[in-house]
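Spelled out, the chains give:
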Amino acid sequence: MNKRDKIIYWIATGLLSAMMLMSASMYVFNNAAIQDAFTALGFPTYIIYPLALAKLLGLVAILSNKSKVLKEWAYAGFFFNFLLAASAHISIGDGEQMGAIMALVLLILSYIFGRKR
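Note that the coordinates shown come from a computational prediction; the quantities given were computed from them, not determined experimentally. (Residues numbered from 1 in each chain as written. Predicted model: local features only at pLDDT ≥ 70, side-chain atom pairs only at ≥ 80, totals over all residues. Heavy atoms only, no water.)

### Re the nonpolar core
With 17 residues, the main nonpolar core has Leu16, Met20, Ile62, Phe78, Phe82 and Leu107 as its most contacted residues. Mapped by element, the contributors of at least two residues to this core are α1 (3-29), α3 (48-64), α4 (68-92) and α5 (98-115). Aside from chain neighbours lying at most four places away, what touches Leu16 is Phe82, Ala103, Leu106 and Leu107. Counting 7 residues, the second largest nonpolar core, distinct from the first, contains Tyr27, Ile34, Phe38 and Leu51. (Core = buried A, V, L, I, M, F, W, Y, C linked by side-chain atoms within 4.5 Å. Buried < 20%, exposed > 50% of the residue type's maximum accessible area, 1.4 Å probe, protein only. Helix = DSSP H or I, 4+ residues; strand = E, 2+ residues; numbered from the N terminus. Contact = heavy atoms within 4.5 Å.)

Here it is as structure tokens:
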């Protein structure tokens, strides 16, 4: 892996990590607003805390690089989470899909350039 690929990997992974940390913290510390958003999207509110925990555990799996299988599952989980989030926002027409699309792009970049490592 050349230096450019490492830089792209760490920038994409770092930005993705920051987004997921902010998202998980909002789920916990701004729960009322997140419950309103989940309700508007048609999602049950009881998944908010487990989803916050899953995001944190997914980051640990990706950043620790201890288990390739666990890392693959974390990438897959994030992929479906972002894809479903973007499609949910598009389906209700609230215009809030860009965060999920940006996260999806960062995830794909992190995955592709992480595979080269």
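### A word on the packing of aromatic side chains
Overall, the coordinates contain 6 aromatic pairs when judged by the stated rule. Ring centres of Tyr9 and Trp10 lie 4.9 Å apart, and the angle between their planes is 75°; this geometry places the pair in the edge-to-face category. According to the relative accessible area criterion, Tyr9 is buried, its value standing at 1%. With a relative accessible area of 45%, Trp10 lands in the partly exposed category. Ring geometry for Tyr75 versus Tyr111: centroids 5.1 Å apart, planes at 75°, classification edge-to-face. (Phe/Tyr/Trp six-rings, centres within 6.5 Å; stacked < 30°, edge-to-face > 60°.)

### Re unusual backbone geometry
Here the phi dihedral of Asn65 falls at roughly 55°; this positive angle occurs in a residue that is not glycine. Along the chain, Asn65 turns up in the loop between α3 and α4. On the basis of relative accessibility, which here comes to 37%, the residue Asn65 falls in the partly exposed class.

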